[in-house]
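Here is how the chains run, residue by residue.
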Amino acid sequence: MTLVEPSRARTAPPPPKAVSPGRQVWQMFRSNHSAMAGLFILLAIILISLVGPSLYTVNPREMVWMPLTPPGQSEYVLGTDYLGRDLLAGLINGGRVTITIGVFAAVLTVLIGVTVGAMAGFFGGRVDNLLMRVTEFFQVLPNLLFAMVVVMLFGPTLVNISVAIGIVSWTSTARLTRAEFLRIREMDYVKAERSIGAGNARLIWKVILPNAAPPLIVVAALSIGSAILFEAGLSFLGLSDPNAMSWGRMIGDNRPYILDSSWGVTFPGLAIFLTVLAISLVGDGLNDAINPKLRQRQ
């Protein structure tokens, strides 16, 4: 008698593991080659600014060679400025100050913009009208002129420069936040939270704001680049901290000699260009990665 081996039961393949939203964002961001290039450049600039001064120990404020020495004609590879200071040392040390100003000003911009936009979008009515009139008042002011007045009144310190940039740059963030709050506050899950007794503070900061965060994250990233450009503009006009070395101050100090020794302005200008370009690429990559419609296409 021949025994027939019973057929093996076919086991269903295991269901695919759910991918967390954070991992989806990173996978989408990583697939964007320009965004990854921008992230690599930005991390390299930050690393050089943090570690460089301990490796390249030349004092950026000390006269080390003949003034206005072109690049490659001395041991200082990028040459010297009008006072004979090493430009490479200035770039390395100035990056820390410039990036710090950009981050601090961007944080202040986001804090003011999100607070004003959240209050206006959540409460509506008279609160919305009042806050939007204030926003429009700041929006029609000439930003550079207003920042110059603030810096001249309170002094050209790093804190005052950062605050001046922050208080003239928040209006677009406020309008974006308001639009997101107006859209999200009518969602069913917000009404459900309200029906179980959630207070306004919880609805604003714990329910609506986390769901409005994706576009605000992109705006925050791009605000750093805008603040760096703003600081360079103020420094070009002579409104920089005389006790701190920054890329903007290097451009401002060497601008009278731009026709005779352009390298004093070119190298810090290139540093600003690369940093802002890297931040813009990262911001665009975040925008594509956080956008759920683009993630669904991936």
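Before reading further, recall that the structure is shown in the block above.
Note that the structure is predicted; figures quoted are calculated from it, not measured.

Peer 1: Is there a simple way to explain the overall build of the chain in this structure?
Peer 2: Assigned secondary structure in the chain consists of 12 helices and zero strands. Mapped from its N terminus to its C terminus, the chain presents α and β elements in the order α-α-α-α-α-α-α-α-α-α-α-α. A compact globule built from 298 residues would reach a C-alpha radius of gyration of about 19 Å, whereas the chain, at 26 Å, exceeds it by more than 25%. Evaluated residue by residue, the chain yields a buried proportion of 41% over its 298 residues.

Peer 1: Before we go on, may I ask you to explain the packing of helix α3 (residues 87-123) against helix α10 (residues 247-254) in this structure?
Peer 2: Each pair of packed helices can be summarised by the angle the axes make with each other and by the distance between the axes. As a packed pair, α3 and α10 sit with axes 7 Å apart at the nearest point and diverge in direction by 130°. With respect to α10, the element α3 is oriented oblique. Contact with α3, carried on its side by Leu 87, Gly 90, Leu 91, Gly 94, Gly 95 and Thr 98, involves Trp 247, Gly 248 and Met 250 of α10 and no other residues of that element. Class assignment for the residues of the contact of α3 with α10 results in four nonpolar, five polar and no charged.

Peer 1: Even after reading the chapter, I still don't get the packing of helix α2 (residues 33-55) against α3, so can you show me in this structure?
Peer 2: Look at α2 against α3: their axes get within 8 Å of each other, and the N-to-C directions meet at 120°. In terms of orientation, α2 and α3 fall into the oblique class. Relative to α3, α2 is oriented so that their crossing is left-handed. Contacts between α2 and α3 involve Ile 45, Ile 46, Ile 48, Ser 49, Leu 50, Gly 52 and Pro 53 from the first element and Ile 92, Asn 93, Gly 95, Arg 96 and Ile 99 from the second. Residue composition of the contact of α2 with α3, by class: seven nonpolar, four polar and one charged.

Peer 1: Help me out: how do you make sense of the packing of aromatic side chains in this one?
Peer 2: Counted by the stated rule, this structure contains seven aromatic pairs. Both rings, one in Phe 122 and one in Phe 123, keep their centres 5.0 Å apart while their planes meet at 90°; by these two values the pair is edge-to-face. A residue is classified by how much of its surface remains accessible, and Phe 122, at 8% relative accessible area, is buried.

Peer 1: Just checking my understanding: could you explain unusual backbone geometry for this structure?
Peer 2: Peptide bonds are mostly trans, and most non-glycine residues show a negative phi. A positive phi angle, close to 55°, is found at Leu 68, a residue other than glycine. Assignment of secondary structure puts Leu 68 in the loop between α2 and α3. For Leu 68, a relative accessible area of 29% corresponds to the partly exposed category.

Peer 1: Got a minute to help me understand helix α5 (residues 143-154) in this structure?
Peer 2: Residue pairs three or four apart in sequence face the same way in an α-helix, which turns once every 3.6 residues. The end-to-end C-alpha distance of α5, which contains 12 residues, comes to 17 Å, matching closely the 16 Å that a straight helix rising 1.5 Å per residue would cover. Within the span of α5, buried status applies to Ala 147, Met 148, Val 150 and Val 151. The arc that holds every buried residue of α5, seen down its axis, measures 165°, which confines them to one face. For α5, exposure combined with an orientation more than 90 degrees from the buried face picks out Met 152 and Leu 153. Of the residues one or two after α5, Gly 155 is the one with positive phi, at around 100°.

Peer 1: For this particular structure, what's the right way to read a nonpolar patch on the surface?
Peer 2: A surface patch of nonpolar side chains, about 550 Å² in accessible area, is lined by Leu 145, Val 149, Met 152, Leu 153 and Phe 154. As for its placement among the helices and strands, Phe 154 is situated in helix α5.

Peer 1: Mind showing me how you'd approach the nonpolar core here?
Peer 2: Most often, soluble globular proteins keep nonpolar side chains buried together rather than apart. Core analysis: the biggest nonpolar cluster contains 19 residues, and Leu 87, Leu 91, Ile 228, Trp 247, Met 250 and Ile 272 have the highest contact counts within it. Within the residue set of this core, elements represented by two or more residues are α2, α3, α9 (200-236), α10 and α11 (263-290). By residue number, the principal contributor to this core is α11, which donates seven residues. Within the second largest apolar cluster, 16 residues are counted, among which are Ala 105, Met 148, Val 150 and Ala 227.

Peer 1: Just to check I follow, could you spell out the side chain of Ser 223 for this structure?
Peer 2: Mapped onto the secondary structure, Ser 223 falls in helix α9. Residue Ser 223 is classed as buried on the basis of its relative accessible area, which comes to 11%. Within the structure, Ser 223 has its side chain in polar contact with the backbone oxygen of Val 219 (distance 2.7 Å). Non-local contacts of Ser 223, meaning those with residues more than four positions away in its chain, are made with Ala 106 and Thr 109.

Peer 1: Mind showing me how you'd approach the pattern of salt bridges here?
Peer 2: Oppositely charged side chains can form a pair if their charged atoms are brought close together. Applying the stated rule across the entire model yields nine salt bridges. Because the salt bridges share partners, they merge into one network encompassing Asp 81, Arg 85, Arg 249 and Asp 253.

Rules behind the numbers
Residues numbered from 1 in each chain as written. Predicted model: local features only at pLDDT ≥ 70, side-chain atom pairs only at ≥ 80, totals over all residues. Heavy atoms only, no water. Helix = DSSP H or I, 4+ residues; strand = E, 2+ residues; numbered from the N terminus. Rg over C-alpha atoms; globule rule 2.2 N^0.38 Å. Buried < 20%, exposed > 50% of the residue type's maximum accessible area, 1.4 Å probe, protein only. Axes fitted to C-alpha atoms, helices over the stretch in contact; angles between N-to-C directions. Parallel < 35°, antiparallel > 145°, perpendicular 65-115°, else oblique. Contact = heavy atoms within 4.5 Å. Nonpolar A, V, L, I, M, F, W, Y, C, P; charged D, E, K, R; others polar. Left-handed = near helix turned anticlockwise from the far one by under 90°. Phe/Tyr/Trp six-rings, centres within 6.5 Å; stacked < 30°, edge-to-face > 60°. Expected span 1.5 Å × (residues − 1). Arc of directions from axis to C-beta. Patch = residues over 30% accessible without salt bridge, like charges linked within 9 Å, V, L, I, M, F, W, Y side chains within 5 Å. Areas by Shrake-Rupley, 256 points an atom, 1.4 Å probe, with all protein chains shown as cover. Salt bridge = Lys/Arg side-chain N within 4 Å of Asp/Glu carboxyl O. Core = buried A, V, L, I, M, F, W, Y, C linked by side-chain atoms within 4.5 Å. Polar contact = N/O pair within 3.5 Å; in protein donor to acceptor, adjacent residues only side chain to side chain.

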